[in-house]
Amino acid sequence: MLSAGAIAGPAIAQVETERPPVVQGAKSVVIERIKVHAPSIEGNLEGNSADRDVIVVLPPSYRADPSRRFPVIYALHGYSIGAEQWIKEIRIPQVTEDAFAKGVPEMIVVLPDSKTAHNGSVYSRSVTTGDFETFISEDLVAYIDGHYRTIPDRKSRGLVGHSMGGYGATRIGMKHADVFGALYIMSPGGLQGRPIGVPTAETLAQIAGVRSLEDAAKLPFGARGLLAMSSAWSPNPNKPPLYLDLPYQDGRPDPEVLARWTANSPYAMLDQYVPNLRRYSAIAMDVGDKDSLVGDTQRWHDMLAAYGIASSFEIYPGTHTSAVAFRFEDHVLPFFGKYLAFGPPPSPIPPQADSGQGSGPYPAVMEVDPSLPGHVIYRPARLPKASERKLGVYAWGNGACTDDAASSRNHLLEIASYGYLVVVPGYIGDELAARRKTQPPAPQGTLTLATSTADVKAGLDWALAQNSAAGSKYRGLIDPSAVAVAGFSCGGVQALGLAGDPRIKALIVDNSGIFPDDATKIPGMDLPKSALAKIHTPVLYLMGGPTDIAWANGTDDFKRINHVPAVLVALPVGHGGTYADPYGGAAAAISVDWLEWQLRGDRTAGRTFIGRNCRICGVPGWTIERKGF
C-alpha cells in the first residue's frame, strides 16, 4: 500500500530521537506560544483553522538587550506531527541553548504548526487544504517581522524543514527567494510528486467508505498520508466530503491526477526557478544513510549541480529521524549563523538621487490636461493596459494653499511612480509665471489663499469622471476603490475638508492640523474641529516633530480621533518636511506605504506602521503612535 514515506518517511518516523549532550552553562532561551492568523488559509474546504499555532524561540539576549535585532529561521515540521511534537524531536530548547553557547550567533527560531485534517498540509496551495505556501512565505513572515525585533530583510531570514518540511523548504525556497536568504533541506520527502507504491484494494476500500472527515480521521497511517497528498495536490471542490481526487481508481493509476501530482514535484519545477535558487547565499541538504530518501535527496543535489547551483550535501549515519536533534544543533544552526546577515536592516528611505520621474516601478511625468483647467497632473508615463492594474487616485492640497502645482514636485512624482493619478490644483511653468505677474499683492499682514478645498475636490471629480469619459485616455484605467486625499500644511486642512467624501478610502495629513476652535482663523483654513468626526477612513498624520509649527494642531487632532484607526508619525524635520528631497524623501516613502496598504491591501507595506517591530519603530529619531488597529 501507499506509504506516508512520500511525505514523511517510513511509518516509524516521529519517534524518540537521540539527545545531544548538554552544554554546561548555556544561557536559557525564551519560548513563546502564539497564534498567527493566516488569511491565505481562510475558507479552505477541509475546515483547517486559519488561526495557526506557532512556537517562537527567543535567544538569551533578546530581552536583555531591547535595542538589538535578530535574524530569523523558519523551521518546518514533517508529516503526522505538529509544532509541539517537532520541538520534542529536535530537542528544543536544549539544542538552541547549546548551539548559542558553542558560539553560534543568536537568532530567533520560528516553528509554525501546519498539521491539517489529514495530518499534513504538504506546504502547498490547495482550495481543499488551504494555501500553506503563502501562510509560511507571507502571512507568517509578516507577523513575525511586525511583532518581534527581527532584521526584516531576506538576507537575514533562513528556511529549514525536515521530511514533509524538507519538501516544504524546497518548494517554498524555490518560489520565494525574495523572502529567504539561506536554505537548509533535511531528508526531504515528496520530491518526486508521486506515491511510492500502489495502494492496496483494502486501502482504497477504506477510503471509499469515508463519509466525513471524522471517518477519515479513523483511517490507518498510510491511508491518511494518501489523503493528505491528494488534498494538497489534486483538490476537487466539487467532490465532497473530502474534496479531492485520488491518484488511483479501481486499483489502476489515474494519469490525469498523477500529472497534477507531478506538477508539484520540485524535480519538475526546477527549470522555472533556477534564477531564484541562484540568489541564495548558501543551500545545504542532508539525509541519514539508513533513510529511504537518500536516493531522492542525492538526485536533487545532482540536479542543482547540473545547473551550476552550489549546494552542500551530506549523508550521515542515521535513520529518518534518529539524529535530527544532533543535526539541528551542530549543522543547521551553525549553517545559518554563517550564511545569514546579522547587520542592521536596510533604511526605509529611498536612494538619495533624483531621476525626476520617481523611484517606483512606473516612471512618472508632470503635465497639464486641457480638459482640467487650473490643475496639474502627475501620472505614470506609460498608462496601464486594460488588463493591468488600474491607477489609484491621489488628490493633493498644496502647502500654503499655493497655486504653484510644482511646489511639492518630487513628492508627487514619487507617488505617481507607484501607479497613481495625482491631481493638484494650480499651475506650472509659463502659465504660473504669467498669473503671478497679474495677481495684485496681498494687503500687508494678510494671507490670501490661491487655491481652495473646492479646487482639490474639482480635481478629484475630474479624475473619477475620466474612467467613463468618452475619448479620455484614462477611460477604464481608474480604480474608483483606490482613492486618497492628502495635503501639506494649509493643503492638509483642505484634505481634511474632504475627509467625509464617501469616495475617499485613505487620508494623509502632512505637517498640518485643524486650528483650535477658539483660535484666530485664516480665511480658507477655518475648518472647525467638529470636521474630524466626518473622517470615515484610516488616517495618517505625518508631522515634522515638535519644531513643526503645525505640531500642536496635528497632535490635538490625533488625540480627538477615536472612531477610525489613526497613526501619527513624527520625523525630526520641522514644518518643511522632506517634500523637496530627492524622491520626496522619507515622507514620500511613508506615504507610498500607507497608500499601498490602505488602498491595495499590501501587508508588506503595512509592516511600516503596525507591530512592535514596525519599520518606523526602528529608525532613530522617528516616533510613531497608533490606535484603532
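## Topic: the overall build of the protein chain
Inference 1: A tally of regular secondary structure across the protein chain gives 21 helices and 19 strands.
Inference 2: If one aligns the C-alpha atoms of the protein chain with their principal axes, the spans along those axes are about 95 × 60 × 45 Å.
Inference 3: Taken across its 629 residues, the protein chain has 59% of its residues classed as buried.
Inference 4: If you sum the accessible surface of the protein chain, you get close to 24,200 Å²; carbon and sulfur atoms cover 54% of it.

## Quick look at the state of the cysteines
Inference 1: Counting across every chain of the model gives two disulfides.
Inference 2: With its sulfur 1.8 Å from that of its partner, Cys401 forms a disulfide with Cys490. Where Cys401 bonds to Cys490 through sulfur, the torsion about that S-S bond is close to -85°, and the disulfide is left-handed. On the criterion of sequence distance, the pair formed by Cys401 in the loop between strand 13 (391-397) and helix 15 (409-416) and Cys490 in helix 18 (residues 490-497) is long-range, its members being 89 residues apart. The pair Cys401 / Cys490 is uniform in exposure class, with both members buried.
Inference 3: Two residues share a disulfide in this structure: Cys614 and Cys617, whose sulfurs sit 2.0 Å from each other. Torsion about the S-S bond of the Cys614 and Cys617 cystine: about 95°, corresponding to right-handed handedness.
Inference 4: Here the cysteine-cysteine linkages of the protein chain are recorded as 1-2, 3-4, numbering only bonded cysteines and doing so in sequence order.

## Brief notes about unusual backbone geometry
Inference 1: Cis geometry marks the peptide bond from Ile92 to Pro93, where omega comes out at 20°.
Inference 2: Of note, Pro93 is situated in the loop between helix 3 (83-89) and helix 4 (94-101).
Inference 3: The phi dihedral of Tyr243 falls on the positive side, at around 55°, and the residue is not glycine.
Inference 4: Tracing the backbone shows Tyr243 in the loop between helix 9 (221-233) and strand 7 (248-249).

## Points about the confidence of the model for the protein chain
Inference 1: Chain-level pLDDT for the protein chain is 90 on average; 93% of the residues reach the 70-or-more range.
Inference 2: Note on residues 1-14: pLDDT under 50 across the span, and 55 contacts to partners over four residues away in sequence or across chains.
Inference 3: With pLDDT under 50 throughout, residues 346-355 is counted as low confidence; its partners more than four residues away or in other chains account for 18 contacts.

## What about the sheet that holds strand 13?
Inference 1: If you walk across this open sheet you meet the nine strands as 11-12-14-13-15-16-17-18-19, and the pairing is mixed. Each having just a single partner strand, strand 11 (364-367) and strand 19 (623-627) make up the two edges of the open sheet. Pairwise comparison of adjacent strand axes, ignoring direction, gives a mean angle of 15° for this sheet.
Inference 2: In this sheet, strand 19 lies alongside strand 18 (residues 566-570) in antiparallel orientation, the contact comprising five bridges. Among the inter-strand pairings, Ala566 is bridged to a residue of strand 19, identified as Lys627.
Inference 3: Each of strand 13, strand 15 (478-488), strand 16 (506-510) and strand 17 (539-543) touches helix 18; the most contacted strand, strand 15, lies at about 140° to it.

## Focus on the pairing of strand 5 (residues 157-162)
Inference 1: Counting buried positions over the six residues of strand 5 gives six, a clear majority of the element.
Inference 2: Neither face of strand 5 is open: one carries Arg157, Leu159 and Gly161, the other Gly158, Val160 and His162, and all of them are buried.
Inference 3: Two elements, strand 3 (residues 72-76) and strand 5, share five bridges in a ladder whose sense is parallel. Its bridge partner being in strand 5, Ala75 is matched across the sheet by Val160.
Inference 4: Relative to strand 6 (residues 182-186), strand 5 is paired through five bridges, and the arrangement is parallel.

## Let's talk about the sheet that holds strand 3
Inference 1: Ordered by their spatial adjacency, eight strands build an open sheet running 1-2-4-3-5-6-9-10, and the pairing between neighbours is mixed. Only two strands of the sheet have a single partner each, and these edge strands are strand 1 (30-37) and strand 10 (312-316). Averaged over all neighbouring strand pairs, the angle between strand axes comes to 20°, with direction disregarded.
Inference 2: Against the sheet, helix 5 (residues 132-147) touches strand 1, strand 2 (51-58), strand 3, strand 4 (108-112) and strand 5, its axis set at about 120° to strand 1.

Calculation criteria
Residues numbered from 1 in each chain as written. Predicted model: local features only at pLDDT ≥ 70, side-chain atom pairs only at ≥ 80, totals over all residues. Heavy atoms only, no water. Helix = DSSP H or I, 4+ residues; strand = E, 2+ residues; numbered from the N terminus. Buried < 20%, exposed > 50% of the residue type's maximum accessible area, 1.4 Å probe, protein only. Areas by Shrake-Rupley, 256 points an atom, 1.4 Å probe, with all protein chains shown as cover. Disulfide = S-S within 2.5 Å. pLDDT = per-residue confidence, 0-100. Contact = heavy atoms within 4.5 Å. Pairing = 2+ DSSP bridges. Axes fitted to C-alpha atoms, helices over the stretch in contact; angles between N-to-C directions.

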